[in-house]
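A structural walkthrough
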Amino acid sequence: MEALLTSLADTALAEWVRLSRWGYAAINALHVLGIALLIGAIIALDLRLLGWRKRLPLQELGRLLQPVAVAGLLLAMATGALLFLADPSGYAAMPLFRLKLALIALAIANALLLNLGPGLAHATPRRLLVAGILSLLLWPAVLLTGRMLAFVDG
């Protein structure tokens, strides 16, 4: 594993990410934009799953917000991978980074289980409630864990 991390750190792209002040700043800004799109769309949908604004049709809201959330997730993941290149061995060694990845996996699994299973239209009210609560716990935890990476060592 260390050989792979060293290989990643030795790429020209990784060197550019580490040394380019404006490049790193732009990647970081796009990462924040992706997170904002993702969390904004997810929170709005989760609140509806919990029963807020029941007059808004759930399927319509889902069709509106899902592409925004997916675009945000893809942007955050792509830019997150680029940010990881700045110090692959350092990030991989951090328990907090591994926790962030585990939380992302759980949050994505929760979304997939709801959308690929019965879907919003056929899920039971209990399933919608559970999915909404889990999502409201997991995605902000991802956000907070990621933010802490900049400030804590480990």
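Described below are features of the structure shown in this document. The model shown is predicted, which means the values in this text are computed figures rather than measured ones. (Residues numbered from 1 in each chain as written. Predicted model: local features only at pLDDT ≥ 70, side-chain atom pairs only at ≥ 80, totals over all residues. Heavy atoms only, no water.)

1. Here's the deal with the overall build of the protein chain
Formally: Helical segments are the DSSP runs of H or I of at least four residues, strand segments are the runs of E of at least two, and each set is numbered from the N terminus. Think of it in three bands: with a 1.4 Å probe and only protein chains considered, a residue is buried below 20% of the maximum accessible area for its type, exposed above 50%, and partly exposed in between. Note on definitions: a residue-residue contact is assigned when non-hydrogen atoms from the two residues lie within 4.5 Å. Reported accessibility uses the Shrake-Rupley method at a 1.4 Å probe radius. Residues are deemed covered only where the shown protein chains occlude them.
Counting its regular elements, the protein chain contains eight helices and zero strands. Taken from N to C terminus, the helices and strands of the protein chain fall in the order α-α-α-α-α-α-α-α. Over its C-alpha atoms, taken along the principal directions, the protein chain stretches across nearly 50 × 25 × 25 Å. By residue count, 34% of the 154 residues in the protein chain fall in the buried class. Taking all contacts inside the protein chain whose residues are at least 6 apart in sequence as the whole, residues at least 24 apart take part in 76%. Of the roughly 9,300 Å² of accessible surface on the protein chain, 72% is carried by carbon and sulfur atoms.

2. Examining the pattern of salt bridges
Definition in use: Any Lys or Arg side-chain nitrogen found within 4 Å of a carboxyl oxygen on Asp or Glu counts as a salt bridge.
Applying the stated criterion across every chain yields a total of one salt bridge. Taking the shortest distance from any N to any O, the salt bridge between R63 and E60 comes out at 2.9 Å. With R63 and E60 both in helix α4 (residues 58-84), this residue pair falls three residues apart, about one helical turn. According to the relative accessible area criterion, E60 is partly exposed, its value standing at 47%.

3. Section: unusual backbone geometry
Of note in this structure, R53 is not a glycine but carries a positive phi near 55°. Here R53 is to be found in the loop between α3 (21-49) and α4.

4. Quick word on α3
As a reminder of what qualifies: Under the convention used throughout, the expected extent of a helix is 1.5 Å for every residue step, that is, one less than its residue count.
The terminal C-alpha atoms of α3, which comprises 29 residues, lie 42 Å apart, in line with the 42 Å expected from a rise of 1.5 Å per residue. All buried positions along α3 are accounted for by G23, I27, H31, G34, L38, I39, A41, I42, L45, D46, R48 and L49. For α3, the secondary structure elements touched by its buried residues are α2 (12-19), α4, α6 (95-116), α7 (119-122) and α8 (125-148). Just downstream of α3, G51 is the residue with a positive phi angle, here 105°.

5. Remarks on the nonpolar core
Note the following rule: Only buried residues count toward a nonpolar core. Its members are Ala, Val, Leu, Ile, Met, Phe, Trp, Tyr and Cys residues joined through side-chain atoms within 4.5 Å.
Judged by nonpolar contacts, the single largest core of 22 residues is most densely connected at L38, L49, L58, L114, L120, L128 and W139. The biggest single contributor to this core is α3, with six residues. If near-sequence neighbours (up to four positions away) are discounted, L38 is found in contact with A69, G72, L73 and W139. L5, Y91, L96 and F97 belong to the second largest nonpolar core, which has seven residues in total.

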